[in-house]
Amino acid sequence: MFLYILPTGSVAASVVRKSRSVYIVKFANPNKGRKIDMADDVLFEFLHMEIVSHIYKDQASVGGMDKDRATCVSTLEGMGFRVGQGLIERFTKDSPSFKDDLDVMKFICKDFWINVFRKQIDNLRTNHQGTYVLQDNKFSLLTQISSGKQYLEDAPKYLAYSCGLVRGALSNLGMDCVVTADVSVMPSCKFQVVIQKI
Amino acid sequence: MAVCIAVIAKENYPLYIRSVPTQNELKFHYTVHTSLDVVEEKISAVGKAMADQRELYLGLLYPTEDYKVYGYVTNSKVKFVIVVDSSNASLRDNEIRSMFRKLHNSFTDVMCNPFYNPGDTIRSKAFDGMVSTMMVQTS
């Protein structure tokens, strides 16, 4: 069990692990007593960091170096996938049905991204054949990491969850796809979505 | 008030089906099953001709002698079907709409439950309770 304590000494959130991929998070109401702006964003970022480090620590104690890198990424991706499936169900509840794939991608770039990361995707590019590139110039899960080259190779583990999020959302809307992410300069990153045509 | 409420998965298998306890429960299953063809037809029509009119509510699917069948499809292509008694003339389109909206809200809650596996039969008590409020009360 983890507890997140605010500087004021009150408990912001607690996390209990139920099973391999199920965690229960209880958030204290940040608006209780006094207003703390942006507190809910910070909680998500903390939780995400903790999940990543927990999964890597867990795997490191088991063994094998190369093998567990892949399993950690896929565990995180799987968690994101399930969350994405649930979230998209909620976000699209009041929106009209989508015309085509591009319409869906626009929804992901605008509404979905704003709801999850508090900002829009900065650039969406497509070749109109099922490949989309989503560029975020200041990705919120990377902003806490130094913008130099030092931690560049650690970046993928902080992107696996978000890749799963996008893949889960798209899969629930009937678009099976592969999502990969890459980082060249630190707070910015690119998500590449390749739709699997049957 | 409805006599049968069903939730159908993207791949057209039932996630949840509930009808008022009568002698021929199977008849409702049959009615819902038949309605899926009409739903499919309406969805594909939306893609082409009615590009501006993209609503989740599909309206009356088809009337039979005793029942009226209404449909609704979410963005994730999960279908909701509500069967109401034809004799119940007081039921307006608006009321059917609000029933579907309530159903959709509850379904979203089920989907966001981490202990629910997408694609499994819905066993949620909260969902069950909500459906009960929309069913015809038989005493």
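Residues numbered from 1 in each chain as written. Chains lettered and ligands numbered in written order. Predicted model: local features only at pLDDT ≥ 70, side-chain atom pairs only at ≥ 80, totals over all residues. Heavy atoms only, no water.

Trainee: What exactly am I supposed to notice about the confidence of the model for chain B here?
Mentor: Low pLDDT marks stretches whose predicted atomic positions should not be read closely. This prediction gives chain B a mean pLDDT of 87; 91% of its residues lie at or above 70. Here the predicted complex carries an ipTM of 0.85, next to a pTM of 0.82. (pLDDT = per-residue confidence, 0-100.)

Trainee: What am I meant to see in the side chain of A:His48 here?
Mentor: All names here are of chain A. Along the polypeptide, His48 turns up in helix H1 (residues 39-60). His48 sits in the buried class, given a relative accessible area of 3%. Dropping the residues within four chain positions of it, His48 is found in contact with Leu141, Tyr158 and Tyr161. (Helix = DSSP H or I, 4+ residues; strand = E, 2+ residues; numbered from the N terminus. Buried < 20%, exposed > 50% of the residue type's maximum accessible area, 1.4 Å probe, protein only. Contact = heavy atoms within 4.5 Å.)

Trainee: Is there a simple way to think about the nonpolar core in this case?
Mentor: Inside soluble globular proteins, nonpolar side chains tend to come together where they are buried. B:Val7, B:Val83, B:Phe100, B:Leu103, B:Phe107, B:Ile122 and B:Phe127 are the most contacted members of the largest nonpolar core, which has 48 residues in total. For this core, the secondary structure elements donating two or more residues are strand E1 (2-8), strand E2 (14-19), helix H1 (25-48), strand E3 (57-63), strand E4 (67-73), strand E5 (79-85), helix H2 (93-111) and helix H3 (125-134) of chain B. In contact with B:Phe107, not counting residues within four places along its chain, are A:Glu89, B:Val7, B:Leu15, B:Val78, B:Phe80, B:Ile122 and B:Phe127. In this structure, A:Cys72, A:Met105, A:Phe107 and A:Leu141 belong to the second largest nonpolar core, which totals 45 residues. (Core = buried A, V, L, I, M, F, W, Y, C linked by side-chain atoms within 4.5 Å.)

Trainee: Whenever I open this one, the interface of chain A and chain B confuses me. Can you help?
Mentor: When the parts come together, some accessible area is lost, and that loss is often what is quoted as the size of the interface. Counting residues at the interface gives 20 residues for chain A and 20 residues for chain B. Around 1,800 Å² of area is buried between chain A and chain B when both sides are counted, 51% of it from carbon and sulfur atoms. Inspection of the chain A/chain B interface yields one salt bridge. Across the pair A:Arg90 and B:Asp109 runs a salt bridge, and its minimum N-O distance is 2.3 Å. For the interface between chain A and chain B, the tally reads nine residue pairs in polar contact (both at pLDDT 80 or more). Sorting the residues of the side of chain A that touches chain B by element identifies helix H2 (65-91) and helix H4 (155-172) of chain A as the ones contributing at least two each. Counting residues per element, the side of chain A that touches chain B draws most heavily on H2(A), at five residues. Here the side of chain A that touches chain B is composed, by residue class, of five nonpolar, eight polar and seven charged. (Buried area = accessible area lost by both parts, 1.4 Å probe. Salt bridge = Lys/Arg side-chain N within 4 Å of Asp/Glu carboxyl O. Polar contact = N/O pair within 3.5 Å; in protein donor to acceptor, adjacent residues only side chain to side chain. Nonpolar A, V, L, I, M, F, W, Y, C, P; charged D, E, K, R; others polar.)

Trainee: Sorry if this is basic, but what is going on with the packing of helix H3 (residues 101-117) of chain A against H4(A) here?
Mentor: Packed helix pairs are characterised by how far apart their axes lie and by the angle those axes make with each other. All names here are of chain A. With their axes 12 Å apart at the nearest point, H3 and H4 run at an angle of 130° to one another. For the element pair H3 / H4, the angle class is oblique. Of the two possible hands of crossing, H3 and H4 adopt the one that is right-handed. On H4, the residues touching Val104, Met105, Ile108, Phe112, Trp113, Val116 and Phe117 of H3 are Ser162, Leu165, Val166, Ala169 and Leu170. Per-class residue counts for the contact of H3 with H4 are 11 nonpolar, one polar and no charged. (Axes fitted to C-alpha atoms, helices over the stretch in contact; angles between N-to-C directions. Parallel < 35°, antiparallel > 145°, perpendicular 65-115°, else oblique. Left-handed = near helix turned anticlockwise from the far one by under 90°.)

Trainee: Can you help me understand the sheet that holds E1(B) in this one?
Mentor: One key point about sheets: their strands pair by backbone hydrogen bonds, in either a parallel or an antiparallel sense. Residue and element names in this part refer to chain B. Across the sheet, five strands lie side by side as E2-E1-E5-E4-E3; this open sheet has antiparallel pairing. Two strands close off the open sheet at either side, each with one partner strand: E2 and E3. Geometrically, the sheet is characterised by an average inter-axis angle of 15° between neighbouring strands, direction not taken into account. Each of E1, E2, E3, E4 and E5 touches H2; the most contacted strand, E5, lies at about 140° to it. (Pairing = 2+ DSSP bridges.)

Trainee: Would you take a moment to explain the packing of aromatic side chains for this structure?
Mentor: The geometry of an aromatic ring pair is captured by the separation of the ring centres together with the interplanar angle, meaning the angle of the planes. Evaluated as defined, the whole model comprises 14 aromatic pairs over all chains. Their ring planes at 20° and their centres at 5.7 Å tell us that B:Tyr72 and B:Phe80 sit as a pair that is stacked. Residue classification places B:Tyr72 among the buried positions, given a relative accessible area of 9%. When its relative accessible area of 0% is taken as the criterion, B:Phe80 is described as buried. What links up through ring pairs into an aromatic cluster is the set B:Tyr57, B:Tyr72, B:Phe80, B:Phe100 and B:Phe107. The cationic tip of A:Lys157 hangs over the ring face of A:Tyr56; the distance from NZ or CZ to the ring centre is 4.6 Å. (Phe/Tyr/Trp six-rings, centres within 6.5 Å; stacked < 30°, edge-to-face > 60°. Lys NZ or Arg CZ within 6 Å of the ring centre and 35° of its normal.)

Trainee: Explanation requested: the sheet that holds strand E6 (residues 177-182) of chain A in the structure shown.
Mentor: Residues and elements named next belong to chain A. If you trace the four strands from one edge of the open sheet to the other, you get E4-E5-E7-E6, paired in antiparallel fashion. Since the sheet does not close on itself, it has two edges, and those belong to strand E4 (123-126) and E6, each with one partner. Taken pair by pair, the neighbouring strands of this sheet meet at an average axis angle of 15°, ignoring direction. Bridge count for strand E5 (residues 131-136) against strand E7 (residues 189-195) is six bridges, and the pairing is antiparallel. Residue pairing for E7: Gln135 is matched across the bridge by Lys190. Packed on one face of the sheet, H3 meets E4, E5 and E7 and runs near 15° to E5.

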